Amino acid sequence: MTIPADGSPAEYAYMDGNALAGPLSEVFAVDVTTATSRCAHCGRTEPVAALRVYAHAPGLVARCEGCDEVVLRMVRGTQTLWLDLRGAVALAFPMDGA
Ligand SMILES: [Zn+2]
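A brief look at the structure comes next. Because the structure is predicted, anything quoted here is derived from the model rather than measured.

1. A closer look at the overall build of the protein
Then, in step 1: The helix and strand tally for the protein stands at one helix and eight strands.
Then, in step 2: What you see in the protein, going N to C, is helices and strands ordered as β-α-β-β-β-β-β-β-β.
Then, in step 3: Here the C-alpha atoms of the protein give a radius of gyration of 14 Å, agreeing with the 13 Å that 2.2 N^0.38 yields for 98 residues.
Then, in step 4: With the principal axes as the frame, the protein shows a C-alpha extent of 50 × 35 × 20 Å.
Then, in step 5: Across the protein, contacts joining residues at least 24 apart in sequence account for 44% of those joining residues at least 6 apart.
Then, in step 6: Only carbon and sulfur atoms are counted for the fraction: they give 54% of the accessible area of the protein, which is about 6,000 Å².

Okay, structure coming up:
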């Protein structure tokens, strides 16, 4: 977990997008952290692994490094996993072969 060096309250602490690898592996056959996301708010393109992941909410909230808007939300219940990607225009996955 990354703690802000400026002494901000703990609720502002976040991890990088690599924290999404394990939880999202329940849904996707590929490692989503290797994908590139385009922010729906500012258009910034960056690796999912570079998103700021906040884990102190009910679930995981990933925010854009550029504009701080929410790109991805994930909440895992006992029977259902909810994935909200409305903050991403697209996810681009590197694939082998043609
Ligand atoms: Zn953005």
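2. Concerning the pattern of salt bridges
Any two side chains of opposite charge can pair if their charged atoms end up close together.
Then, in step 1: This structure, assessed with the given rule, holds five salt bridges.
Then, in step 2: Here Glu 26 ties to Arg 76 by a salt bridge, and the two come within 2.7 Å at their closest N and O atoms. Of the two residues, Glu 26 is situated in the loop between helix H1 (21–24) and strand S2 (36–39) and Arg 76 in strand S6 (residues 70–76); the sequence distance between them amounts to 50 residues.
Then, in step 3: The partly exposed category is assigned to Glu 26, whose relative accessible area is 49%.
Then, in step 4: The class of Arg 76 is partly exposed, set by a relative accessible area of 47%.

3. A closer look at the sheet that holds strand S5 (residues 59–63)
Then, in step 1: In space, the five strands of this open sheet follow the order S1-S4-S5-S6-S7, with antiparallel pairing throughout. Either end of the sheet is taken by a strand with one partner, and the two such strands are strand S1 (15–16) and strand S7 (81–84).
Then, in step 2: With four bridges connecting them, S6 and S7 associate as antiparallel partners. The partner of Arg 73 across the bridge, within S7, is Asp 84.

4. A closer look at the sheet that holds strand S8 (residues 88–92)
Then, in step 1: Sheet architecture is open: three strands sit in the order S3-S2-S8, paired in antiparallel fashion. Of all the strands in the sheet, just strand S3 (45–47) and S8 have a single pairing partner and so form its edges. On average, each strand axis in the sheet is tilted by 25° relative to the strand beside it, whichever way the strands run.
Then, in step 2: For S2 and S8, the ladder comprises four bridges, and the chain directions are antiparallel.

5. Let's talk about the coordination of the zinc ion
Then, in step 1: In the first shell of the zinc ion, the protein supplies Cys 39 (SG), Cys 42 (SG), Cys 64 (SG) and Cys 67 (SG), at 2.3 to 2.4 Å from the metal.
Then, in step 2: The coordination sphere of the zinc ion comprises four donor atoms, whose angles at the metal cover 104 to 112°; the geometry is tetrahedral.
Then, in step 3: Along the chain, the residues donating to the zinc ion are arranged with the sequence spacing C-x2-C-x21-C-x2-C.
Then, in step 4: Cys 42 gets classed as partly exposed once you look at its relative accessible area, which sits at 41%.

6. A word on the pairing of S5
Then, in step 1: Relative to S5, strand S4 (residues 52–57) runs antiparallel, the two sharing four bridges. Residue Val 53 lies in a different strand from S5, and its bridge partner there is Ala 62.
Then, in step 2: Direction of pairing for S5 relative to S6: antiparallel, over a ladder of four bridges. Residue pairing in the sheet places Leu 60 in a bridge with Met 74 of S6.
Then, in step 3: As consecutive antiparallel partners, S5 and S6 are separated by six residues, and within that stretch Asp 68 has a phi angle of approximately 70°, a positive value.

Cut-offs used in this document
Residues numbered from 1 in each chain as written. Predicted model: local features only at pLDDT ≥ 70, side-chain atom pairs only at ≥ 80, totals over all residues. Heavy atoms only, no water. Helix = DSSP H or I, 4+ residues; strand = E, 2+ residues; numbered from the N terminus. Rg over C-alpha atoms; globule rule 2.2 N^0.38 Å. Contact = heavy atoms within 4.5 Å. Areas by Shrake-Rupley, 256 points an atom, 1.4 Å probe, with all protein chains shown as cover. Salt bridge = Lys/Arg side-chain N within 4 Å of Asp/Glu carboxyl O. Buried < 20%, exposed > 50% of the residue type's maximum accessible area, 1.4 Å probe, protein only. Pairing = 2+ DSSP bridges. Axes fitted to C-alpha atoms, helices over the stretch in contact; angles between N-to-C directions. Donors = N, O, S within 2.8 Å, 3.2 Å for Na, K, Ca; no water. Tetrahedral: all angles 85-135°; square planar, octahedral: opposite > 155°, others 65-115°.

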